[in-house]
Amino acid sequence: MIVFKDVCVGCGRCQPYCPAGAIHFDDYRSTVDQELCFECGTCLRSEICPVDAIQEPANVYEYPRALRKYFSDPTSTHAVTGIQGRGTEESKTNDVTLRCGLDQVGIAIEIGRPTLGMGLEEIQKITRVLARNGIHEIEPNNPINSMILDHQSGDLKPELLDERVLSAIIEMSIDKERLPDILRAIKEVIPELDSVFTLDVVTMLEPGLTVPPDVLSSIEAEGFSWRPNAKINMGLGKVTE
Ligand code: SF4
Ligand code: SF4
């Protein structure tokens, strides 16, 4: 985002709206630190500026900076997947996509939220530790997949590493018995991470609407606490044999 300094009247109203702390005064007018800005669009969408000094720059859709907008602005559509909201439907449409089957668990590592954000290097720390532990199955329909240069090492494309986003989701589906391996790999990377994350473990309910006990015991055995969270999309369900 940019602020036209010759239009800005220096009221400062826009500054508290920025989750990145990227807007600051410079010579009594607001300016945006282009390194810190996530291109989330919050300052513009708030319509708080009395003189319309806040504008989206022409380069906001240029690669690799465009990733800032795709992952941070909930109104943008990710160019790789054509999906809004961090570029993935994750578990929300599993009833029809069956990304995560009956003998599998889905994993979604949601990093950066709430409102802390991170550099894409934090994603690489996770993809690398997963790769070191033999976990290479990043979901093909997740935009992170196309950002990986080498699936054996988990390295991201180097031109991405200076970019910053508000939040992103690393997703995969694995056989249930490999859940402990994933959980241990994630614990390994926690001390290195310079952001916050939520770990989603996605599973289909068993008859009687119970969470599969083997999934819960794996989570608890690795020292994680959990709380149930259902994603129910009325009308999407279909019968599977
Ligand atoms: S686009 Fe988002 S991160 Fe950038 S200045 Fe505006 S509110 Fe801050
Ligand atoms: S709200 Fe507009 S006029 Fe006020 S400081 Fe921000 S950019 Fe300048």
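Residues numbered from 1 in each chain as written. Chains lettered and ligands numbered in written order. Predicted model: local features only at pLDDT ≥ 70, side-chain atom pairs only at ≥ 80, totals over all residues.

A. Here's a closer look at the overall build of the chain. Counting its regular elements, the chain contains seven helices and 11 strands. In terms of overall dimensions, the chain has C-alpha extents of about 65 × 40 × 30 Å along its principal axes. Within the chain, the fraction of its 241 residues that count as buried is 32%. The long-range share in the chain, meaning contacts at least 24 apart out of those at least 6 apart in sequence, stands at 70%. (Helix = DSSP H or I, 4+ residues; strand = E, 2+ residues; numbered from the N terminus. Buried ≥ 20, exposed ≤ 12 C-beta atoms within 10 Å, placed from the backbone. Contact = placed C-beta atoms within 7 Å.)

B. Focus on helix α4 (residues 121-132). In this model α4 runs 16 Å from its N-terminal to its C-terminal C-alpha over 12 residues, within 8% of the 16 Å that 1.5 Å per residue would give. Listed in full, the buried residues belonging to α4 are Glu122, Ile123, Gln124, Ile126, Thr127, Val129 and Leu130. Where α4 terminates, the next one or two residues include Gly134, which has phi positive at roughly 75°. (Expected span 1.5 Å × (residues − 1).)

C. The domain arrangement of the chain, seen in detail. On domain assignment, one finds that the chain holds domain 1 (2-56) and domain 2 (83-221). Here the C-alpha centroids of domain 1 and domain 2 sit 33 Å apart. Listed as interface residues are four residues of domain 1 and, on the opposing side, five residues of domain 2. Here the residues of the side of domain 1 that touches domain 2 sort into four nonpolar, no polar and no charged. (Domains from an automatic or database assignment. Nonpolar A, V, L, I, M, F, W, Y, C, P; charged D, E, K, R; others polar.)

D. Expanded view of the environment of Ile219. With respect to the helices, strands and loops of the structure, Ile219 is situated in helix α7 (residues 213-221). A C-alpha to C-alpha distance of 15 Å links Ile219 and Ile174, two positions 45 residues apart in sequence. Those residues in contact with Ile219 that sit more than four places away from it in its chain are Leu183, Val201, Phe224 and Trp226.

E. Spatial organisation of the environment of Gly21. By secondary structure assignment, the location of Gly21 is in the loop between β1 (2-3) and β2 (23-26). Sequence separation between Gly21 and Cys100 is 79 residues; the distance between their C-alpha atoms is 38 Å.

F. Region of interest: the nonpolar core. Of all hydrophobic cores here, the largest spans 45 residues; its most connected members are Ile107, Ile109, Ile123, Ile144, Val165, Ala168 and Ile170. Counting only elements with at least two residues in this core, the list comes to α2 (66-72), β5 (104-111), α4, α5 (143-147), β10 (168-175), α6 (179-189) and β11 (197-202). Counting residues per element, this core draws most heavily on β5, at five residues. Here this core spans two domains, and each of domain 1 (2-56) and domain 2 (83-221) adds at least three residues to it. Beyond its immediate chain neighbours, meaning those up to four positions away, Ala168 contacts Phe71, Arg86, Ile111, Gly112, Ile123 and Ile144. (Core = buried A, V, L, I, M, F, W, Y, C linked by C-beta atoms within 7 Å.)

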